[in-house]
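# Summary of the model geometry
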Amino acid sequence: MCADKRTYRVGVIPGDGIGPEIIREAVRVLDRAAEKFGFKLDYIYLYLGGSSIDRFGVPLTDETVEQAKQCDAVLMGSIGGDPVTSPWYRLEPSLRPEAGLLSIRKALGLFANLRFSKLYDDLIDSCPLKESIAREGIDFVILRELTGGLYFGEHKTETVDGEEVATDVLSYSDHEIRRIAVKAFDTASLRGRKLTLVDKANVLDSSRLWRKVVQDVAKDYPEVSVDYMYVDNASMQLVRKPSRFDVILTENMFGDILSDEASMVTGSIGLQPSASLAEGSFGLYEPSHGSAPDIAGKDLANPLATILSAAMMLRYSLGEEEAACAIEQAVETVLKRYRTQDLATDDTEIGKVGCTRMGELVAETL
Ligand code: NAD
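The present account deals with the structure reproduced in this document. (Residues numbered from 1 in each chain as written. Predicted model: local features only at pLDDT ≥ 70, side-chain atom pairs only at ≥ 80, totals over all residues. Heavy atoms only, no water.)

What follows concerns the site of the ligand. Looking at the ligand, there are 20 residues lining it, with Gly81, Glu98, Gly290, Ala292 and Asn302 nearest. Glu286 is positioned with one of its side-chain polar atoms (N or O) 3.0 Å from a nitrogen atom of the ligand. A distance of 3.0 Å separates an oxygen atom of the ligand from a polar backbone atom of Ser291. When the ligand is considered free in solution it has 810 Å² of accessible area, and contact with the protein chains removes 69% of it. (Near = heavy atom within 4 Å. Polar contact = N/O pair within 3.5 Å; in protein donor to acceptor, adjacent residues only side chain to side chain. Areas by Shrake-Rupley, 256 points an atom, 1.4 Å probe, with all protein chains shown as cover.)

On to a negative patch on the surface. Taken together, the side chains of Asp125, Asp346, Asp347 and Glu349 present a region of like negative charge at the surface. As for its placement among the helices and strands, Asp346 is situated in the loop between strand E13 (338-339) and strand E14 (351-352). (Patch = residues over 30% accessible without salt bridge, like charges linked within 9 Å, V, L, I, M, F, W, Y side chains within 5 Å. Salt bridge = Lys/Arg side-chain N within 4 Å of Asp/Glu carboxyl O. Lys, Arg positive; Asp, Glu negative; His and termini not counted. Charge placed at Lys NZ, Arg CZ, Asp CG, Glu CD. Helix = DSSP H or I, 4+ residues; strand = E, 2+ residues; numbered from the N terminus.)

Counting residues in each nonpolar core, the largest one holds 70 residues, and the members touching the most others are Phe39, Leu75, Leu249, Tyr285, Ile327 and Val331. In terms of residue count, the dominant contributor to this core is helix H10 (residues 304-316) (9 residues). Setting aside anything within four residues of it in sequence, one finds Leu249 in contact with Leu143, Ile180, Ala181, Ala184, Leu195, Thr196, Leu197, Val198, Trp210 and Val214. Membership of the second largest hydrophobic core comes to 20 residues, among which are Phe245, Ile248, Phe254 and Leu258. (Core = buried A, V, L, I, M, F, W, Y, C linked by side-chain atoms within 4.5 Å. Buried < 20%, exposed > 50% of the residue type's maximum accessible area, 1.4 Å probe, protein only. Contact = heavy atoms within 4.5 Å.)

We now examine the packing of aromatic side chains. In total, this model carries 7 aromatic pairs according to the counting rule given. Between Phe116 and Tyr316, the aromatic rings sit 6.1 Å apart at their centres with planes inclined by 25 degrees, giving stacked as the arrangement. Residue Phe116 is found in strand E4 (residues 112-118), and its partner Tyr316 is found in helix H10; the two are separated by 200 residues along the sequence. Summarising the aromatic geometry, the rings of Tyr172 and Trp210 are spaced 5.2 Å apart at their centres and angled 85 degrees between planes, so their arrangement reads as edge-to-face. Of this pair, Tyr172 sits in the loop between strand E7 (163-168) and helix H6 (174-190) while Trp210 sits in helix H7 (residues 205-218), placing them 38 residues apart in sequence. The buried category is assigned to Trp210, whose relative accessible area is 3%. For Arg179, the ring lying beneath its charged end belongs to Phe111, and the centroid distance is 4.2 Å. Taking NZ or CZ as reference, Arg244 lies 5.0 Å from the ring centre of Phe245, over its face. (Phe/Tyr/Trp six-rings, centres within 6.5 Å; stacked < 30°, edge-to-face > 60°. Lys NZ or Arg CZ within 6 Å of the ring centre and 35° of its normal.)

This paragraph deals with the side chain of Gln237. Within the secondary structure, Gln237 is located in helix H8 (residues 231-240). In this structure, Gln237 is in contact with Met229, Pro242, Arg244 and Phe245, ignoring residues within four places of it in sequence.

Read from one edge to the other, the open sheet built from 10 strands follows the order E2-E1-E3-E12-E11-E4-E5-E10-E8-E9, with strand pairing classed as mixed. At either end of the open sheet lies a strand with only one pairing partner, and these are strand E2 (39-45) and strand E9 (225-230). On average, each strand axis in the sheet is inclined to that of its neighbour by 25 degrees, with strand direction left out of account. Pairing between E4 and strand E11 (residues 273-277): 4 bridges, direction antiparallel. Pairing of Asn113 across the sheet is with Ser276, part of E11. (Pairing = 2+ DSSP bridges. Axes fitted to C-alpha atoms, helices over the stretch in contact; angles between N-to-C directions.)

All right, on to the pairing of strand E3 (residues 73-78) then. Of all 6 residues making up E3, 6 are buried, and the element is well covered by its neighbours. Of the strand pairs in this sheet, strand E1 (residues 6-15) and E3 are connected by 5 bridges, and their pairing is parallel. Paired with Gly11 across the two strands is Val74, which belongs to E3. Where E3 lies against strand E12 (residues 283-287), 2 bridges are found, and the strand directions are parallel. Pairing of Val74 across the sheet is with Leu284, part of E12.

Let us look at the packing of H6 against H7. Working note: a packed helix pair is described by the angle between its axes plus the distance between those axes. H7 packs onto H6 with a crossing angle of 50 degrees between their chain directions and a minimal axis gap of 9 Å. In terms of orientation, H6 and H7 fall into the oblique class. Once H6 is placed against H7, the crossing between them reads as right-handed. Contacts between H6 and H7 pair Asp174, Ile177, Arg178, Ile180, Ala181, Val182 and Phe185 from the former with Leu209, Trp210, Val213, Val214, Asp216, Val217 and Ala218 from the latter. Classifying every residue of the contact of H6 with H7 by side-chain character gives 11 nonpolar, no polar and 3 charged. (Parallel < 35°, antiparallel > 145°, perpendicular 65-115°, else oblique. Left-handed = near helix turned anticlockwise from the far one by under 90°. Nonpolar A, V, L, I, M, F, W, Y, C, P; charged D, E, K, R; others polar.)

This is how it looks when you write it as structure tokens:
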């Protein structure tokens, strides 16, 4: 090993269900990328969710948090089991697998969630939108604020003048908006240089502050063009003309709703990577789908969302842009000839492969 080789410490959380299978393939591809592009990855395997409950009795330990904090980035499979049959769901809510995920996001200060939606030319058939719309191209990312807004404001239900009144407070501070706006502009600079702030500034004070702060941050990014869109219009445009979007920046609740809509427009959950970012370059990267307990251990899972999440990690946390692009290109190339069962097609020219073979094909194509 040459002494000056770029070396990164990566936390790896295989998790539950299909998690260990898809992570194994992502690590295979990362190892190949490291070999080809001349850097080194030191992996630290961590427990979270059901696997942590089985081993330590809790879904997240302090030790896991400490180890994750020592890493440059964390790559995760998925956590959780079948909510009906798994014994993890007979535990009280704070001890269930998902509680571990919420806690680690908080402990690592992950305030920006990125969900990538890209429709590959060869997968236009999987898109539920009209072909004429799909052919215009779909390739955008939603940056959703994760730790503020309505979900984290005061919630109360009281009786006023003899009737029940419920209140949820939506509040954002300048610094909460500014730090994610910077991430959004940085992201746009690495992509199509176009940012759309989605808000409801015709009604909400918090949205008006979002606009003000975004306009201020925009001064540092003259190369990025910015536009503003009300959330009701944005939800229409996502299905009417998704090609118009590059980077969408929005607050917590709007992002929650729009990112689910966005996950449908490409039609293939097995292809959607996501990232949750903290201050600086640290981030946690994972596929957008869950742990798919129905197909776990059968070599049926599509590992591509996890492999693409690994590419995002190389780009956004480790600064290995060339390797990230090469992985994305390898995935696109392999999809022209091979698919896992979730993307099965009648085309006899396309080979049907399992999770392991799909990982091998991407690594070999790199
Ligand atoms: P899911 O995403 O796991 O599965 C939904 C459907 O999509 C299933 O039919 C599954 O087989 C299929 N699917 C999902 N990923 C696939 C892949 N890579 N390849 C092929 N098919 C795939 O959603 P669910 O069934 O609602 O949830 C199952 C478990 O996952 C639950 O415990 C849930 O809490 C958990 N979950 C975890 C995360 C996370 O770790 N961030 C996210 C969502 C759900």
